[in-house]
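# Architecture at a glance
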Amino acid sequence: FDRLVFSSNKRDNEASQPPNFKRYPLRTEQLRSLSWMLRQESSTDPFHEEEVCEEILPGLGWRAEGRVKRPVLVRGGIIADEVGYGKTAITLGLIDSA
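Residues numbered from 1 in each chain as written. Predicted model: local features only at pLDDT ≥ 70, side-chain atom pairs only at ≥ 80, totals over all residues. Heavy atoms only, no water.

Here we take up the layout of surface pockets. Its boundaries defined by the atoms lining it, the largest pocket holds a volume of some 1,300 Å³. As for the largest pocket, its lining consists of 26 residues, and the residues nearest its centre are V5, W36, Q40, G77 and I78. Here the residues of the lining of the largest pocket sort into twelve nonpolar, eight polar and six charged. (1 Å grid on protein atoms, 1.4 Å probe; cavity = no way out; pocket = protein on both sides within 12 Å on 5 of 7 lines; lining within 4 Å. Points joined across faces, edges and corners; volume = space filled by probe spheres on them. Nonpolar A, V, L, I, M, F, W, Y, C, P; charged D, E, K, R; others polar.)

Here we take up the side chain of Q30. Looking at where Q30 falls in the secondary structure, it is placed in helix α1 (residues 28–41). A polar atom in the side chain of Q30 sits 2.8 Å from the backbone nitrogen of R27. When sequence neighbours within four positions are dropped, the list of residues in contact with Q30 reads Y85, G86, A89 and I90. (Helix = DSSP H or I, 4+ residues; strand = E, 2+ residues; numbered from the N terminus. Polar contact = N/O pair within 3.5 Å; in protein donor to acceptor, adjacent residues only side chain to side chain. Contact = heavy atoms within 4.5 Å.)

To continue, consider the pairing of strand β1 (residues 47–57). By the bridge criterion, eleven bridges tie β1 to strand β2 (residues 62–72) in an arrangement that is antiparallel. Pairing of I56 across the sheet is with R63, part of β2. Linking two consecutive strands that pair antiparallel, namely β1 and β2, is a turn of four residues; a positive phi of about 75° is found at G61 within it. (Pairing = 2+ DSSP bridges.)

Time to look at the environment of L31. Tracing the backbone through its elements, the reader meets L31 in helix α1. In this structure, the C-alpha to C-alpha distance between L31 and D12, residues 19 residues apart in sequence, is 9.4 Å. If near-sequence neighbours (up to four positions away) are discounted, L31 is found in contact with N13, E14, A15, S16, Q17, P18 and L26.

This paragraph deals with the side chain of N9. Mapped onto the secondary structure, N9 falls in the segment before α1. Those residues in contact with N9 that sit more than four places away from it in its chain are E29, R32, S33 and Y85.

Attention now moves to the environment of V74. Considering the arrangement of structural elements, one finds V74 in the loop between β2 and α2 (87–97). Measuring from C-alpha to C-alpha, the distance between V74 and E41 comes to 8.7 Å, with 33 residues separating the pair along the chain.

Here it is in structure tokens:
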């Protein structure tokens, strides 16, 4: 990864309650995290995977290098909420919303 960015979701919009979470609804801050997770899962921005292969030809004193890049659709992200925040409940909400 080129860089890792930590950002707050305090200004994000809330997602709607997952369909089967009526008895035990997610809290406001959990719904904001769920909103972020839903956006990540629907993203179409590719991650560019790169592979490099190198070979040295000692008799000639040459070094050959081959590179290839390909776009790969990777969804998801890192949920770095605090302990006890409800990451498991939010993840179940994501599954229920799908």
